[in-house]
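# Structural description and commentary
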Amino acid sequence: LARRWRQLVDTVRRSGMVYLFSYAFISHVNLALMFGVAWALFVRTWHACPIEPSGLPWAAEVTCAFYRPVLLHRKFLASYGAMCLGLGTITRPLRAGMAVGLMPGVRRIISFFEDRLRCPKLLAYTLTIVVGVTLGSLCFAPAVFLSCAVLSVPVPGV
């Protein structure tokens, strides 16, 4: 175990930015999954929606809700925060290992921007971040819908 941990640390040192982008993407997806679970548990416990609907389709409402925390119910924010602190801490080693496994894919994305599109390195890194955040953001609505389906609660909570 100690030898594997050392190998992981060496890989991270050699691959700095690529590992950082991989870990950031995995963490973003992890946040989406915990957001979905927290949403479903909130609806099940309080029989209410964590947000005040604005008239958008529910997939957009859910995705946008993460980026508008001031509009989220305080009790939901408290439970989501507690879940992120508790479960997020426990899953950190798993996320670190998953990020190492994702590094070849991130390298291919950066190479695509640099080689095929002839972007400078800084722009290639920036575009890679944009792709990662976009893909990670697309996980919020499915995570909420799946969590609500598993717990047999409606997404709007009504």
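Numbers given to residues run from 1 along each chain, matching the order in which its sequence is written. pLDDT decides what is reported in this predicted model: residues at 70 or higher carry local features, side-chain atom pairs at 80 or more are listed and counted, and totals for whole chains, interfaces and linings draw on all residues regardless. With hydrogens and water set aside, each side-chain value is computed from the structure's full complement of heavy atoms.

## Things to note about the pattern of salt bridges
Between Lys or Arg on one side and Asp or Glu on the other, a salt bridge is scored when a side-chain nitrogen of the former is within 4 Å of a carboxyl oxygen of the latter. The full count for this structure, using the stated rule, is 1 salt bridge. Linking Glu-61 and Arg-68 is a salt bridge whose minimum nitrogen-to-oxygen distance equals 3.8 Å. Throughout this description, buried means an accessible area under 20% of the type-specific maximum (1.4 Å probe, protein chains only), exposed means over 50%, and partly exposed covers the range between. For Glu-61, a relative accessible area of 0% corresponds to the buried category. A relative accessible area of 27% places Arg-68 in the partly exposed class.

## Observations concerning the packing of helix H2 (residues 16-46) against helix H3 (residues 58-66)
In a packed pair of helices, the relevant descriptors are the angle between the two axes and the axis-to-axis distance. Interhelical geometry of H2 versus H3 gives an angle of 110 degrees and a closest axis separation of 11 Å. Judged by the angle between their axes, H2 and H3 are roughly perpendicular. Helix-helix and strand crossings are classified by hand; for H2 and H3 the assignment is right-handed. Two secondary-structure elements touch here, H2 through Leu-31, Phe-35 and Trp-39 and H3 through Trp-58, Val-62, Ala-65 and Phe-66. Each residue receives one of three labels: charged for Asp, Glu, Lys and Arg, nonpolar for Ala, Val, Leu, Ile, Met, Phe, Trp, Tyr, Cys and Pro, and polar for the others, Gly being one of them. Residue composition of the contact of H2 with H3, by class: 7 nonpolar, no polar and no charged. Note on geometry: axes are C-alpha line fits, over the in-contact stretch for helices, and angles between N-to-C directions span 0 to 180 degrees. A run of H or I in DSSP counts as a helix once it spans at least four residues, and a run of E counts as a strand once it spans at least two, with each numbered from the N terminus. Throughout this description, any angle smaller than 35 degrees is read as roughly parallel, any larger than 145 degrees as roughly antiparallel, any in the 65 to 115 degree range as roughly perpendicular, and the remainder as oblique. Less than a right angle of anticlockwise turn of the near helix away from the far helix marks a crossing as left-handed, whereas a clockwise turn marks it as right-handed. In what follows, residue pairs with any heavy atoms lying within 4.5 Å of each other are defined as contacts.

## Details of helix H4 (residues 74-90)
In this model, H4 (17 residues) spans 24 Å end to end at C-alpha, consistent with the 24 Å of a helix rising 1.5 Å per residue. Along H4, the positions that sit buried rather than exposed are Phe-76, Tyr-80, Met-83 and Gly-88. Summarising the contacts, the buried residues of H4 are in contact with H2, H3 and helix H5 (92-116). By this rule the span expected of a helix is its residue count minus one, scaled by 1.5 Å.

## As for helix H6 (residues 121-137)
If you check H6, its first and last C-alpha atoms are 24 Å apart, about what 17 residues at 1.5 Å a residue would give, namely 24 Å. Those residues of H6 lying buried are Ala-124, Tyr-125, Thr-128, Gly-132, Gly-136 and Ser-137. In the core, the buried residues of H6 are packed alongside H2, H3, H5 and helix H7 (140-150).

## Some details on the layout of surface pockets
In the cavity and pocket records, a cavity denotes points on a 1 Å grid over the protein atoms alone where a 1.4 Å probe fits but cannot get out, a pocket denotes an open set with protein on both sides within 12 Å along at least 5 of 7 lines, and lining residues are residues with an atom within 4 Å of a point. Grid points are joined across faces, edges and corners, and a volume is the space filled by probe spheres set on the points. In this structure, the largest pocket spans a volume of roughly 240 Å³. Of all elements in the fold, only H2, H5 and H6 reach the threshold of two or more residues within the lining of the largest pocket. For the lining of the largest pocket, the leading source of residues is H6, giving 6 residues. Its residues placed into classes, the lining of the largest pocket shows 10 nonpolar, 4 polar and no charged. Lining the second largest pocket, in full, are Ile-26, Val-29, Asn-30, Leu-33, Met-34, Val-37, Leu-87, Thr-91, Leu-94, Arg-95 and Met-98. For the lining of the second largest pocket, the elements supplying multiple residues, two or more each, are H2 and H5. Broken down by element, the residue count for the lining of the second largest pocket peaks at 6 residues, all from H2. Grouping the constituent residues of the lining of the second largest pocket by class yields 8 nonpolar, 2 polar and 1 charged.

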